[in-house]
There are 2 protein chains.
Amino acid sequence: MKEKILQIFKDANGDFVSGESLSKALNCSRTAIWKHIEELREEGYTFEAVRRSGYRLISSPDIPSQVEVQTGLQAKELGREIHYFGAIDSTQHKAHELAKGGAPHGTVIIADQQAGGKGRMGRPWHSPAGTGIWMSILLRPELPLYRCPQLTLLAAVAVVQAIRETTGVRAEIKWPNDILVEQKKLCGILTELNAETDQINYLIIGIGMNVNTEDFPSELRDIATSLRIQVGTPVKRIPLIQRILENLEKLYKLYIEYGFSPIKSLWEAHANTIGKRVVLRQLHGSLEGLAIGINEEGTLLVRKDNGEIEKVYSADIENASSPST
Amino acid sequence: MKEKILQIFKDANGDFVSGESLSKALNCSRTAIWKHIEELREEGYTFEAVRRSGYRLISSPDIPSQVEVQTGLQAKELGREIHYFGAIDSTQHKAHELAKGGAPHGTVIIADQQAGGKGRMGRPWHSPAGTGIWMSILLRPELPLYRCPQLTLLAAVAVVQAIRETTGVRAEIKWPNDILVEQKKLCGILTELNAETDQINYLIIGIGMNVNTEDFPSELRDIATSLRIQVGTPVKRIPLIQRILENLEKLYKLYIEYGFSPIKSLWEAHANTIGKRVVLRQLHGSLEGLAIGINEEGTLLVRKDNGEIEKVYSADIENASSPST
């Protein structure tokens, strides 16, 4: 109900909406309408109320709810269905649940706070209230399995572009999909999938971005940053989310139509790993060498000191000469 | 409790076990023991009861329960944990559930009957009581995603070998993993996985084999067969299950140590697709050509009439000159 009222105000685009037309449209009493508007005020929305004219929405808080994100969103498929949660254990977990229930391609799950945010390889992800973008995007690509890593790289490009377009911050991608500013982590991307060996059932791209974090817990302070720390003022989450969805949709279409080549070029243009000496920590030991590029599959190529070229599918990367990021 | 009693009789290896030692070992009354033995008799177990000596297990029914499958099983990792169900919706479904709960590599789920057996691409799988092997095997390989299809091919080899070793029936593999006799389907293999783009969380190999089916529903009669139909007498499921697990463990070790090459040779030796003209039905249209082999990734290679070689990741295959199997 509250969402419906909000939608009507959004559709009115700053004009007055009478209490009578609201109660008619929603088939409830004017007292009920008034109660919901009071609730919206408590969430940070401001309204002007004028006798005989009704209510006018003056300003909205930076809460990435379904209505807020969909208002003005230019993407057609991504975000057509949005599930917003004030607090949740993990948007990835919820995305798996919805995917199994048949949620369509492009479904988006957003939370203001995660109690059990997930990073790569089951690691925890610090996701406090109101400060970040904690979002999962459900895709149903008709692609063979080996192409999945390419979609992770594609998502990283979409996010880096969105950051630059909305804040001017020039973030870089550390292979495969960490997003860094000044060697500190701003955003992580976790791609999970459920598949048969010859058919992807669904794929979930999880994005965790530190937006308005002013200070990090001591164990993260040296390795994490936020957009607010970078630009010095609060950054609005909603336009950033919209831009991510729009870019992701655009790049995904490009990818489906033309394959990985155009994405590869974009990824390389934003990557900070290529051309550097790196140390790769893998499940069974580590490896040092020169990161010379990615191949057409999206696999990292590293030239070892003996000249051999190693294909790297999974690793934690450090620059050989600098501390861990 | 019944399983524990059965285990004691299996361990006794045909010798007498006294009622007293049973009630001591299991810490319950001799009346309770007697009741459980009666239950086992109802399931098809036969016992000899001799005053003063106790009970002796004479014969066991062909029920692939945990105790039965583990007795004499030569595999070390596969089948160390077995979950048996008289009836279940789907062993694949249960396997996903157990995998998420942390079940170890090698966990096996077996059912006597499935109400909602699953085939490839969400298709149903006919799984009546007592007649087949409806089994799912949980693996936790540390491999990149692109290698998953190879594991499906590996499973097909393990199954074909087990069929030949226990019954003499020479079954063939239709790419990627249907097992046929005289162009009729004897067994299907469904591999599902849950992964991050750079790490497989778990993989489930589902095996559905028609063993003692005497007759099929009319819509399957022309395209399905069973081992019983092939050999003319009932076939025991338990030794067949054991052989599948043993072969799969052996081939998996070979694969982890030496890679896909030795598996590829074995698969090709059992395949009926290679060297034939095939029609491939895919999501978006179909393709005809000569199946010339599989490559080092396990992908099917088809030479089209214009000479181009197409890599095939997913399709339903028919021989160009014969009806669909």
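Residues numbered from 1 in each chain as written. Chains lettered and ligands numbered in written order. Predicted model: local features only at pLDDT ≥ 70, side-chain atom pairs only at ≥ 80, totals over all residues. Heavy atoms only, no water.

In the nomenclature of an unreviewed UniProt entry, chain A corresponds to Bifunctional ligase/repressor BirA from the organism Ammoniphilus resinae. Taken directly from UniProt, the Function (unreviewed entry) text for chain A runs: "Acts both as a biotin--[acetyl-CoA-carboxylase] ligase and a repressor." Looking at the Sequence similarities (unreviewed entry) heading of the UniProt record, one finds this comment for chain A: "Belongs to the biotin--protein ligase family." (UniProt positions renumbered as here; feature names shortened; annotations may be inferred.)

Caption draft 1: Summary view of the interface of chain A and chain B. Taken residue by residue, the interface counts 26 residues in chain A and 26 residues in chain B. The contact between chain A and chain B buries some 2400 Å² in all, and 52% of this surface belongs to carbon and sulfur atoms. Counting every contact that joins chain A to chain B gives zero salt bridges. There are eight residue pairs in polar contact (both at pLDDT 80 or more) connecting chain A and chain B. Of the residues forming the side of chain A that touches chain B, the biggest block, seven residues, is contributed by strand S8 (residues 184–196) of chain A. Split by residue class, the side of chain A that touches chain B holds eleven nonpolar, nine polar and six charged. (Contact = heavy atoms within 4.5 Å. Buried area = accessible area lost by both parts, 1.4 Å probe. Salt bridge = Lys/Arg side-chain N within 4 Å of Asp/Glu carboxyl O. Polar contact = N/O pair within 3.5 Å; in protein donor to acceptor, adjacent residues only side chain to side chain. Helix = DSSP H or I, 4+ residues; strand = E, 2+ residues; numbered from the N terminus. Nonpolar A, V, L, I, M, F, W, Y, C, P; charged D, E, K, R; others polar.)

Caption draft 2: The arrangement of the pairing of strand S12 (residues 300–303) of chain B in detail. All names here are of chain B. With four bridges connecting them, strand S11 (residues 285–294) and S12 associate as antiparallel partners. Across the sheet, the residue bridging to alanine 291 is valine 302, located in S12. Counted along the chain from S11 to the antiparallel partner S12, the turn is five residues long, and its residue glycine 298 has a positive phi close to 90°. Taken together, the four bridges between S12 and strand S13 (residues 309–312) define a ladder with antiparallel strand orientation. (Pairing = 2+ DSSP bridges.)

Caption draft 3: Representation of the relation of the copies chain A and chain B within the structure. Mapping chain A onto chain B calls for a screw motion: a turn of 180° about the axis and a shift of 0.1 Å along it, with 0.0 Å RMSD after fitting. Expressed as a symmetry operation, the mapping of one chain copy onto the other fits a two-fold axis. In this assembly the copies share their binding face: 100% of the residues contributing to the interface of chain A also contribute to that of chain B. (Least-squares fit on C-alpha atoms with pLDDT ≥ 70 in both.)

Caption draft 4: Seen up close, the environment of isoleucine 33 of chain A. All names here are of chain A. Note that isoleucine 33 resides in helix H3 (residues 30–43). Exposure remark for isoleucine 33: the relative accessible area of 1% places this residue in the buried category. Separated by 14 residues in sequence, isoleucine 33 and glycine 19 place their C-alpha atoms 7.3 Å apart. If we skip the residues at most four places from it in the chain, isoleucine 33 touches Ile5, Leu22, Ser23, Leu26 and Cys28. (Buried < 20%, exposed > 50% of the residue type's maximum accessible area, 1.4 Å probe, protein only.)

Caption draft 5: Representation of the pattern of salt bridges. Residue and element names in this part refer to chain B. For the structure shown, the criterion picks out 38 salt bridges over all chains. Between aspartate 215 and arginine 221 there is a salt bridge; the shortest N-O distance is 3.2 Å. Of the residues examined, arginine 221 reaches a relative accessible area of 40% and is grouped as partly exposed. Taking the shortest distance from any N to any O, the salt bridge between aspartate 305 and arginine 277 comes out at 3.2 Å. Taken together, the residues aspartate 305 in the loop between S12 and S13 and arginine 277 in strand S10 (residues 277–282) connect sequence positions 28 residues apart.

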